[in-house]
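Okay, here's what each chain looks like letter by letter:
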Amino acid sequence: MKKASERDKAYMRRLGEYELEGRNDWMRHLLSLTIDERLRRSFERTQMGPPYPRREPEDLGAFYERARRLGLYRG
């Protein structure tokens, strides 16, 4: 199996930074709302229910092992 190139690793790091930036923006937005607005939105979402059932892999070990072999995960 081929190892991840430095270019691939750099791309994944940048992608992670962009995702973190987006999550931080979203959190700032949520924290800017009043408590009443946050509660109203939360209640509305719980009433909607999940849009589709979420399927998680039963065993993530293979996923993490492959990431380790590719040099993308050190945990």
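Below or above, wherever it landed, is the structure these notes cover. (Residues numbered from 1 in each chain as written. Predicted model: local features only at pLDDT ≥ 70, side-chain atom pairs only at ≥ 80, totals over all residues. Heavy atoms only, no water.)

For the rest of this paragraph, the subject is the pattern of salt bridges. It is possible for side chains bearing opposite charge to pair when their charged atoms get close. Counted by the stated rule, this structure contains five salt bridges. One salt bridge connects Arg 28 with Asp 25, and the closest N-O pair in it is separated by 2.3 Å. Taken together, the positions of Arg 28 and Asp 25, both in helix α1 (residues 6-32) and three residues apart, correspond to about one turn of that helix. Judged by relative accessible area, Asp 25 falls into the partly exposed class, the value being 38%. (Salt bridge = Lys/Arg side-chain N within 4 Å of Asp/Glu carboxyl O. Helix = DSSP H or I, 4+ residues; strand = E, 2+ residues; numbered from the N terminus. Buried < 20%, exposed > 50% of the residue type's maximum accessible area, 1.4 Å probe, protein only.)

Moving on, we come to the packing of aromatic side chains. Considering all chains together, one arrives at two aromatic pairs under this definition. Ring geometry for Phe 63 against Tyr 64: centres 5.3 Å apart, planes inclined by 80°, an arrangement best described as edge-to-face. On the basis of relative accessibility, which here comes to 32%, the residue Tyr 64 falls in the partly exposed class. Their ring planes at 40° and their centres at 4.9 Å tell us that Tyr 64 and Tyr 73 sit as a pair that is tilted. Members of the aromatic cluster, connected to one another through ring pairs, are Phe 63, Tyr 64 and Tyr 73. (Phe/Tyr/Trp six-rings, centres within 6.5 Å; stacked < 30°, edge-to-face > 60°.)

What follows concerns the layout of surface pockets. Taken as a whole, the largest pocket holds about 260 Å³ of empty space. In the lining of the largest pocket, the residues fall into six nonpolar, one polar and three charged. (1 Å grid on protein atoms, 1.4 Å probe; cavity = no way out; pocket = protein on both sides within 12 Å on 5 of 7 lines; lining within 4 Å. Points joined across faces, edges and corners; volume = space filled by probe spheres on them. Nonpolar A, V, L, I, M, F, W, Y, C, P; charged D, E, K, R; others polar.)

Further remarks concern the environment of Ser 32. By the secondary structure assignment, Ser 32 is in helix α1. Note on Ser 32: relative accessible area 55%, which makes it exposed.

Our next topic: the environment of Lys 9. Checked against the element boundaries, Lys 9 lands in helix α1. For the pair formed by Lys 9 and Leu 70, sequence separation is 61 residues and the distance between their alpha carbons is 9.5 Å.

Here we come to helix α2 (residues 35-48). Between its first and last C-alpha, α2 extends 20 Å over 14 residues, near the 20 Å set by a 1.5 Å rise per residue. The element α2 is barely covered by neighbouring structure, given that only zero of its 14 residues are classed as buried. Immediately downstream of α2, the backbone of Gly 49 shows phi near 80°, a positive value. (Expected span 1.5 Å × (residues − 1).)

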